[in-house]
Amino acid sequence: MTLVRFLKEDGSLDREVVAAAGANLLDVAQANGQPLEGACEGSMACSTCHIIVDRDDFGRLPPASEEEDDLLDLAAHVSRTSRLACQITLTNELEQLTVRMPGGAYNLDR
Ligand code: FES
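A quick note: this is a predicted structure, and the numbers were derived from the prediction, not measured. (Residues numbered from 1 in each chain as written. Predicted model: local features only at pLDDT ≥ 70, side-chain atom pairs only at ≥ 80, totals over all residues. Heavy atoms only, no water.)

So what's going on with the environment of D70? Which residues, and what values?
In this structure, D70 sits in helix α3 (residues 66-72). Once the C-alpha coordinates of D70 and N24 are considered, the two residues, 46 residues apart in sequence, prove to be 20 Å apart. (Helix = DSSP H or I, 4+ residues; strand = E, 2+ residues; numbered from the N terminus.)

Talk me through the pairing of strand β5 (residues 96-100); I want residue IDs and the actual numbers.
Where strand β1 (residues 2-7) and β5 come together, five bridges link them in parallel fashion. Pairing of L3 across the sheet is with Q96, part of β5. As paired elements, strand β3 (residues 50-53) and β5 share two bridges and run antiparallel to each other. Residue pairing in the sheet places V53 in a bridge with V99 of β5. (Pairing = 2+ DSSP bridges.)

Written out as structure tokens, the structure is:
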């Protein structure tokens, strides 16, 4: 299980959820009302699942592939701890993960 904290663009807490090991972060985010479009459904052909990972948690994730890094170069409001949510699989070892929605995220339901 991983405790996932979703922060709003301004850094305030939006939601805390417990997700099972093996779950994909984009799926968990979408199931919990986060404004991530995920246009290519995880096939690494867009960057609409861009999230900013908490600095402390970032180093505990497996590093991004070159392909992911290339896509992140095209995303808006990229930071040094940006990742694509669809490329993150939750694990028991992770225990907790805090991610923030980037500025300018396309908000589907608000
Ligand atoms: Fe398109 Fe993640 S959903 S790259």
